[in-house]
Structures are given as C-alpha cells and as structure tokens.
Amino acid sequence: MNILATDALIIVDVQNDFCPGGALPVDEGHHVVPVINPLLKQFDHLVFTRDWHPHNHCSFSYPPEFMDGSWPEHCRANSPGAEFHGDLRVPVDALIVNKGMDPDKEAYSGFQGVPPLADKLRGRGVTRVFVCGLAMEYCVKQTALDGVAEGFDVFLIENACRGINFPEGSAAAAVEEMCQAGVKVCWSGDLTP
Ligand code: VGL
Ligand code: ZN
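Residues numbered from 1 in each chain as written. Chains lettered and ligands numbered in written order. Predicted model: local features only at pLDDT ≥ 70, side-chain atom pairs only at ≥ 80, totals over all residues. Heavy atoms only, no water.

Enquirer: Looking at this structure, how should I read helix α3 (residues 136–149)?
Expert: Each α-helix winds once per 3.6 residues, and so residues spaced three or four apart point in a common direction. Taking 1.5 Å per residue as the helical rise, α3 with its 14 residues ought to reach 20 Å, and the 18 Å between its terminal C-alpha atoms agrees with that figure. Across the 14 residues that make up α3, a large majority, ten, are buried. Among the residues of α3, Met136, Glu137, Tyr138, Cys139, Val140, Lys141, Thr143, Ala144, Leu145 and Gly147 are the ones counted as buried. Elements that come into contact with the buried residues of α3 comprise β1 (7–12), β3 (95–99), β4 (128–134), β5 (153–162) and α4 (170–180). Phi turns positive one or two residues past the end of α3, at glycine 151, with a value near 95°. (Helix = DSSP H or I, 4+ residues; strand = E, 2+ residues; numbered from the N terminus. Expected span 1.5 Å × (residues − 1). Buried < 20%, exposed > 50% of the residue type's maximum accessible area, 1.4 Å probe, protein only. Contact = heavy atoms within 4.5 Å.)

Put into structure tokens, the structure is as follows:
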C-alpha cells in the first residue's frame, strides 16, 4: 500500500511507563520502537500522543486492578515515566498531543487530547490515519475508533502495537472490535513510499 501526502501516522503513548521497567508496563512494549522508527520517514504528518496525567488523576488506584478505571500511578506530566521511549526518533517538528490532563476524566483517545487532533489533521488535508503504539486495548483502540467517528479512513498497523493482554485475549478482542467499526488492519511491511 502506498503512503500518500494526505496520510498521517499516529504513534500512541510510546512512553517509558508503558514499557518494561515502567509503572504500567505493556508486555514487549518496547518492541514497537524498532518497527515504528523506519515508518517515521515515510509520512508527511506525524502525531505522537502521550498520556499526561496530573498527580491526582481519577484512574490512579491504591491498589490498582490493572483494568479500566483502576491503574497504578503512571505518566505523570513531566516525569521520567511520561517521556517517550529513549530510542523513539521523535522529530522536532512532529505534532505532540497530550491527553488525560483533567483529574476527573479518563481520556484514552488521542482525539480527546490537546491540541484538538481532528481539527489539526483536517486543517492539513489529512484523510487517512495509520495508528500504532501502546496499549492495544486502551489508547490505541480508542484512538482508532474515534478516528472512524471523526470521518477518517483508519488503518491499524498491527505489528507496531502491543497490548496489556489482561485478561488474556483482550488485545485480540480489541483488534476484532476495531475491525467491526471499520478500521482496516495492515502490517508495517505493507507500507511503501
Ligand atoms: C493507557 C491505561 C491507562 C494506554 C493509558 O496508553 O493505553 N492505558 N492509561
Ligand atoms: Zn493513563
């Protein structure tokens, strides 16, 4: 599949806290980095989302259940855990979208972030978005579903994502749910300049 000038790549939450050693590690989360890095040069429009929570975010639970609404403290704004993975090659001119900044509201989707992503993309003439990153069942899924709802043609780059997979099978279920909603699944090797 050819990448067009009207395509955007959305890299979801490839942050230290979602990688092994972080506060809310995704199994093999860091394995997405060498898959994503070569893709960055192929796209004219790059969006990096990041979870960017206040210290009192409503999803922080003591103890956490590691499920929706009940997470350990993670990705506190400006903390080392919230930094992008050190090997991810974030260009200086990439668009960075922060989300989950309201203490009282969960916000898994990049389209719920700041600055408003849908407006930014439409303003640049983007019609197709390719989604990758962490975690498949939460921020990747919700970003892809919102992309469809916003009228974009959405592709999931499946091998450039990893899931929490708790409970077991939840990542595969998330892919199925995205497909049902009209998201198309592709593989990084399918994408050509
Ligand atoms: C995420 C759980 C809590 C994610 C963010 O990036 O998928 N998951 N906050
Ligand atoms: Zn979060």
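Enquirer: I keep staring at the environment of leucine 117 and nothing clicks. Help me out?
Expert: Mapped onto the elements, leucine 117 comes out in helix α2 (residues 117–123). By relative accessible area, which is 0% here, leucine 117 ends up buried. For the pair leucine 117 and leucine 95, spaced 22 residues apart in sequence, the C-alpha separation works out to 9.2 Å. With near-sequence residues (within four places) excluded, leucine 117 lies in contact with Ile10, Val47, Leu95, Val97, Gly110 and Phe111.

Enquirer: It is not clear to me how the site of ligand 1 should be interpreted in this structure. Could you clarify?
Expert: Taken together, Asp13, Phe18, Leu24, Asp51, Trp71, His74, Tyr108, Leu134, Ala135, Tyr138 and Cys139 are the residues near ligand 1. Between ligand 1 and the protein, one listed contact pairs a nitrogen atom with a side-chain N or O atom of aspartate 51 at 3.0 Å. Backbone polar atom of cysteine 139 to an oxygen atom of ligand 1: 3.0 Å apart, as the coordinates give it. Look at ligand 1: alone it shows 260 Å² of surface, and the protein chains cover 100% of it. In terms of residue class, the shell around ligand 1 is made up of eight nonpolar, one polar and two charged. (Near = heavy atom within 4 Å. Polar contact = N/O pair within 3.5 Å; in protein donor to acceptor, adjacent residues only side chain to side chain. Areas by Shrake-Rupley, 256 points an atom, 1.4 Å probe, with all protein chains shown as cover. Nonpolar A, V, L, I, M, F, W, Y, C, P; charged D, E, K, R; others polar.)

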